[in-house]
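Observations on chain architecture
So the chains spell out like this:
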Amino acid sequence: MTKWKKDCFIIELKLLIDTWQKDLLLKRFEIARTLYNTTLSYAVKQYTFMQESKHYRKQLRGYQKAKKTNDSKELKQIAKELNNIRQSFGLSEYQLHAYIKKHQHNYKKHIDSNTSQKIASTVWRAVQDVLFKGSKAHFKRYGMFHSVEGKSNKAGIRFKENIVYWNGLILPVRIRKQDLFVKESLALHTIKYCRLVKKVIRGKHTFYVQLVMDGILPTKRIPSTGAFRHAYQKQKRVGIDIGPSTIAIVSEETVFIQPLAPEVPLLEKQKRRLLRKLDRSRRSTNPNNFKKDGTIKHGVKLRWTYSKNYQKTKEQVKELYRKKASYIKEKNMVR
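Conventions we followed
Residues numbered from 1 in each chain as written. Predicted model: local features only at pLDDT ≥ 70, side-chain atom pairs only at ≥ 80, totals over all residues. Heavy atoms only, no water. Core = buried A, V, L, I, M, F, W, Y, C linked by side-chain atoms within 4.5 Å. Buried < 20%, exposed > 50% of the residue type's maximum accessible area, 1.4 Å probe, protein only. Helix = DSSP H or I, 4+ residues; strand = E, 2+ residues; numbered from the N terminus. Contact = heavy atoms within 4.5 Å. 1 Å grid on protein atoms, 1.4 Å probe; cavity = no way out; pocket = protein on both sides within 12 Å on 5 of 7 lines; lining within 4 Å. Points joined across faces, edges and corners; volume = space filled by probe spheres on them. Nonpolar A, V, L, I, M, F, W, Y, C, P; charged D, E, K, R; others polar. Pairing = 2+ DSSP bridges. Axes fitted to C-alpha atoms, helices over the stretch in contact; angles between N-to-C directions. Parallel < 35°, antiparallel > 145°, perpendicular 65-115°, else oblique. Left-handed = near helix turned anticlockwise from the far one by under 90°.

Considerations on the nonpolar core
When a protein is soluble and globular, its nonpolar side chains tend to lie buried together. Judged by nonpolar contacts, the single largest core of 51 residues is most densely connected at Leu15, Val164, Leu196, Val209 and Leu211. With ten residues, helix H1 (residues 19-52) is the largest single contributor of residues to this core. With residues near it in sequence (within four places) discarded, valine 209 still touches Ile11, Glu12, Leu13, Leu15, Val164, Val173, Cys194, Arg195 and Leu196. Membership of the second largest hydrophobic core comes to six residues, among which are Leu267, Leu278, Tyr310 and Leu320.

Thoughts on empty space enclosed by the protein
Taken as a whole and assessed by the stated rule, the structure comprises one cavity of 30 Å³ or more. Estimated volume of the largest cavity: approximately 40 Å³. In this structure, the largest cavity is lined by Leu40, Ala43, Val44, Tyr47, Val127, Val130 and Ala137. Sorting the residues of the lining of the largest cavity by element identifies H1 and helix H5 (113-133) as the ones contributing at least two each. For the lining of the largest cavity, the element with the highest residue contribution is H1, accounting for four residues. Considering only residue class, the lining of the largest cavity consists of seven nonpolar, no polar and no charged.

Brief notes about the sheet that holds strand S2 (residues 147-149)
Think of a sheet as strands paired side by side through backbone hydrogen bonds, with each pair either parallel or antiparallel. The seven strands are arranged S2-S6-S7-S1-S5-S4-S3 in an open sheet whose pairing can be described as antiparallel. Each of the sheet's edge strands pairs with one partner strand only, and the pair in question is S2 and strand S3 (158-160). Here the average twist between neighbouring strands, direction ignored, is 35 degrees. Against the sheet, H1 makes contact with S2, strand S4 (163-166), strand S5 (169-174), strand S6 (191-201) and strand S7 (204-214), and its axis sits at roughly 110 degrees relative to S5, the strand it touches most. Against the sheet, helix H6 (residues 180-188) engages strand S1 (8-15), S3 and S7, with an angle of about 120 degrees to S1.

Examining the packing of helix H2 (residues 54-69) against helix H3 (residues 72-88)
At a minimum axis distance of 9 Å, the contact between H2 and H3 shows a crossing angle of 155 degrees. The orientation of H2 relative to H3 falls into the category roughly antiparallel. You can see that H2 and H3 cross each other, and the crossing is left-handed. The residues of H3 that touch H2, namely those facing His55, Tyr56, Gln59, Leu60, Gly62, Tyr63, Ala66 and Lys67, are Glu74, Leu75, Ile78, Ala79, Glu81, Leu82 and Ile85. Partitioned by chemical class, the residues of the contact of H2 with H3 number nine nonpolar, three polar and three charged.

A short note on the pairing of S7
Of all eleven residues making up S7, eight are buried, and the element is well covered by its neighbours. Relative to S7, S1 runs antiparallel, the two sharing seven bridges. Residue pairing for S7: lysine 14 is matched across the bridge by tyrosine 208. Sheet topology places S6 next to S7; ten bridges connect them, and they run antiparallel. Paired with valine 200 across the two strands is histidine 205, which belongs to S7.

See the structure below:
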């Protein structure tokens, strides 16, 4: 997660784009994925070389010993030396910025320098998990890079007068006339930077712009719940208790209890049906990968074959997960 020094909030708006603009955006997202994987590959190789260094291993053993004895002075000294070793192998955020700049120059018509630096910063956060948490670095597969962002609203990806500008692309956004929250936010707050997001909705790519706004989130409008609206109009006190699945509202006149997401059980039922269909299809097309008791064989490298119907059903499952997440998020927002 990105740590911001000041308060901020996000506004998400849909882009109104033509087919050729969508194709160009898909191309740029793939270029961004290539830059991410290239930079991450370099960082992983440098990390491997650093692990093979005798000096690094010696300092690491000394750090572990000092940690057991709680020697704070020695810990600080060894930590400083370990940091110097990491920088000597090019493992720092600004050194990754310098590395990605060499490759970004080949795609400067599509990816600007600010966007490439934010990609390098994302790589650095993944490398930090490898360095300090012992986790593994994961490369992005084809089509799995979902967002690109700039560093400010003055260069690179910019938003001005309801239009997004990015390296020759002019992308208008859709703002509803009755959306007072968005209009108030744009009028009273400044934009820190913009982020373009790619989503797959009903099997089609849809693009959004997320505006990271400076300041505190404006107050939402009057909720649609009857008990709350009635008390609001008479300027009376209202108690709200939000639980994991229901919300209770109590005023002097009424008591109101409502499930947060009443349609979730129906979505879960559809999900279980599709998952069973996937399992049947996988077993019918790969009978040799299962034992007689129905369990998957272990200790042998298995090759899996998936039918076209399996792929279509898998896309339906993804769409169902997206609908469920969007539905719960919308219902949990107090309007």
